[in-house]
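Residue-level listing of the chains:
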Amino acid sequence: MTYGPDAVHELIVESGWSYPVSAGRLERNMPMENVVIDAAGNSMMLSELLHAAEADRFESREDLERKLGPVCESESRARQSGIVDRLKRTFLG
């Protein structure tokens, strides 16, 4: 299973596109695409990821990784919960 920038790259390849690719094109053609952002299986909508990255265009795969990688890492850290949070959800709903 691929995740993070690699998952977005796979979407580009599966669509038959090549770099450079605009963020607008990705949003127009895949507005509801769900992207797995980490190995834990956390995901977010492609459009949310692109807006969080504030990227207009990806010149290459390396450029895509440089722009989206930090956003995926940040979102992944934000979604990790500690034992206290898990216990609260278990017992308090």
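In the block above lies the structure referred to throughout.
Fair warning: this is a prediction, and the values are worked out from it, not measured in the lab.

A.B. asks: Describe the overall build of the protein, and please don't skip the residues or the numbers.
C.D. replies: Secondary structure summary: the protein contains five helices and four strands in total. Secondary structure of the protein in N-to-C order comes out as α-β-α-β-β-α-β-α-α. The burial tally for the protein puts 31% of its 93 residues in the buried class. Within the protein, residue pairs in contact and separated by at least 24 positions form 55% of the contacts whose partners lie at least 6 positions apart. Total accessible area computed for the protein in this model is approximately 5,900 Å², and 49% of it derives from carbon and sulfur atoms.

A.B. asks: Which residues make up the packing of helix H3 (residues 46-53) against helix H4 (residues 61-79), and what are the values?
C.D. replies: Where H3 contacts H4, the two axes come as close as 9 Å, and the packing angle between them is 105°. Put simply, H3 runs roughly perpendicular to H4. Mapping the contact onto sequence places Leu49, Leu50, Ala52 and Ala53 in H3 and Lys67, Leu68, Val71 and Cys72 in H4. For the contact of H3 with H4, the per-class residue count stands at seven nonpolar, no polar and one charged.

So, how was this worked out
Residues numbered from 1 in each chain as written. Predicted model: local features only at pLDDT ≥ 70, side-chain atom pairs only at ≥ 80, totals over all residues. Heavy atoms only, no water. Helix = DSSP H or I, 4+ residues; strand = E, 2+ residues; numbered from the N terminus. Buried < 20%, exposed > 50% of the residue type's maximum accessible area, 1.4 Å probe, protein only. Contact = heavy atoms within 4.5 Å. Areas by Shrake-Rupley, 256 points an atom, 1.4 Å probe, with all protein chains shown as cover. Axes fitted to C-alpha atoms, helices over the stretch in contact; angles between N-to-C directions. Parallel < 35°, antiparallel > 145°, perpendicular 65-115°, else oblique. Nonpolar A, V, L, I, M, F, W, Y, C, P; charged D, E, K, R; others polar.

Keep in mind these values describe shape, not function.
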